[in-house]
Amino acid sequence: MKKILLALTCLVTTVFFASCTQEQIDDFLEKKPNVAFVEADGYISSNTSVIVGTELMFQIKASPNSGSNSPLAHINFAVTDINGQTVKDVNPTIEDPTGETVFTESFTTEKVSTYVVTVTVTDEAGKANIAELTVTYMNPVVAEIGVFKGKLAILGRVTTDGGIIPGTNPLDEPLDISDIVTRITLGSVDDNTISAMIDIEGTPVIFEATQNGNDLVFDEFIFNKAIDLYGVEIELNITVNMTGVLENDVLTLDGTASGTGIVKVLGINVHVNLIDGTITGELEKEE
């Protein structure tokens, strides 16, 4: 029975490696310890933006590499600002060096800046791995023109450079992301430039819009959106270039979108891309 299970494991691994790039195979063979931000309600697991004063919670899990089984030796959680100054630096306790360690940390600030949150895990063999994300703290935009609320929709294609499930082929298929709850705050106007903030499913991004009559051209902005592909949840980092028409308290939006994401399959990073994306939506002014 053990021989059959071993044969099946080898077969799945062989099929999987056949669809991998050399870079992915090298990453798998390095035998680094595992570390990742946990995706769970109330915790931050990817790049995000928040208003100053917001407390963020992080849950992190770390474990030995399944190939080397080298016990964990050290964990460091650090937050640095845009100037490289460390504003938080702690070394969480490793409860079980040979098993999975899960711990939580928090961070908040009243200072507007971009912060890099880094977790570094090192094992007894000297192998290290890093999980990293970026958090931007910003001041809110005061709604002088108004707040517009509605839903955005993104159509495009999703491609991968490997199977997102062991033994499957890379993907290239249509992607439909609809019903993206959105609020746009249009603030003060200065020389045909409008300060603006877009809040997509609870994540605010501050940017500007150039106004020409009823037409608006927004600065490029980025937001994160989780998608489900065959039961696998993948966080996409989506870049949007968007224009709008403001007429009769209705903001009609149109633009392009592209995105990237990563999912681990058997310890290897499989890259996910949103291509040929278009974004549309109609938002109404709140009373």
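Preceding this section is the structure that the text describes.
Residues numbered from 1 in each chain as written. Predicted model: local features only at pLDDT ≥ 70, side-chain atom pairs only at ≥ 80, totals over all residues. Heavy atoms only, no water.

S.K.: For this particular structure, what's the right way to read the overall build of the chain?
M.R.: The number of helices and strands found in the chain is two helices and 17 strands. Among the 287 residues that make up the chain, the fraction classed as buried is 42%. Looking at the chain as shown, the accessible area adds up to about 14,900 Å², and 49% of this sits on carbon and sulfur atoms. (Helix = DSSP H or I, 4+ residues; strand = E, 2+ residues; numbered from the N terminus. Buried < 20%, exposed > 50% of the residue type's maximum accessible area, 1.4 Å probe, protein only. Areas by Shrake-Rupley, 256 points an atom, 1.4 Å probe, with all protein chains shown as cover.)

S.K.: For this particular structure, what's the right way to read the packing of aromatic side chains?
M.R.: Two aromatic rings are characterised by how far apart their centres lie and by the angle between their planes. Per the stated rule, a full pass over the model turns up eight aromatic pairs. Of the aromatic side chains, those joined through ring pairs into one cluster are Phe207, Phe218, Phe221 and Phe223. (Phe/Tyr/Trp six-rings, centres within 6.5 Å; stacked < 30°, edge-to-face > 60°.)

S.K.: Before we go on, may I ask you to explain the sheet that holds strand 5 (residues 86-90) in this structure?
M.R.: The strands that make up a sheet are held in pairs by hydrogen bonds between backbone atoms, and each pair lies either parallel or antiparallel. Taking strand neighbours across the sheet as the criterion, the five strands line up as 2-8-7-4-5 in an open arrangement whose pairing is mixed. In the strand order of this sheet, the two ends are held by strand 2 (48-51) and strand 5, each with one partner. Adjacent strand axes in the sheet meet at a mean angle of 20°, parallel and antiparallel pairs treated alike. Here strand 4 (residues 72-80) pairs with strand 7 (residues 113-123) via eight bridges, running antiparallel. (Pairing = 2+ DSSP bridges. Axes fitted to C-alpha atoms, helices over the stretch in contact; angles between N-to-C directions.)

S.K.: Would you explain a negative patch on the surface in this entry?
M.R.: A grouping of Asp190, Asp191, Glu208, Asp219 and Glu220 is seen on the molecular surface, where their side chains present a negatively charged patch. You can see Asp191 is positioned in the loop between strand 10 (172-190) and strand 11 (193-200). (Patch = residues over 30% accessible without salt bridge, like charges linked within 9 Å, V, L, I, M, F, W, Y side chains within 5 Å. Salt bridge = Lys/Arg side-chain N within 4 Å of Asp/Glu carboxyl O. Lys, Arg positive; Asp, Glu negative; His and termini not counted. Charge placed at Lys NZ, Arg CZ, Asp CG, Glu CD.)

S.K.: Is there a simple way to think about the nonpolar core in this case?
M.R.: One broad rule of soluble globular proteins: the nonpolar side chains tend to lie buried together. If you look at the biggest cluster of nonpolar residues, it comprises 41 residues, and the most contacted ones within it are Ile154, Leu186, Phe218, Phe221, Leu229, Ile238 and Leu251. If we skip the residues at most four places from it in the chain, Ile154 touches Leu175, Asp176, Ile177, Ile180, Phe223, Ile238, Ala257, Leu274, Thr278 and Ile279. Within the second largest apolar cluster, 24 residues are counted, among which are Val79, Ile94, Val119 and Ala131. (Core = buried A, V, L, I, M, F, W, Y, C linked by side-chain atoms within 4.5 Å. Contact = heavy atoms within 4.5 Å.)

S.K.: Sorry, what's going on with the sheet that holds strand 3 (residues 56-63) here?
M.R.: Reading across the sheet, the three strands line up as 1-3-6 and stay open at both edges, with antiparallel pairing between neighbours. Looking at the sheet topology across the chains shown, the edges are occupied by strand 1 (34-37) and strand 6 (101-107). Each adjacent strand pair in this sheet contributes to an overall mean axis angle of 20°, direction not counted. As paired strands, strand 3 and strand 6 are joined by seven bridges and run antiparallel to one another. Following the sheet pairing, Ile60 is matched in strand 6 by Phe103.

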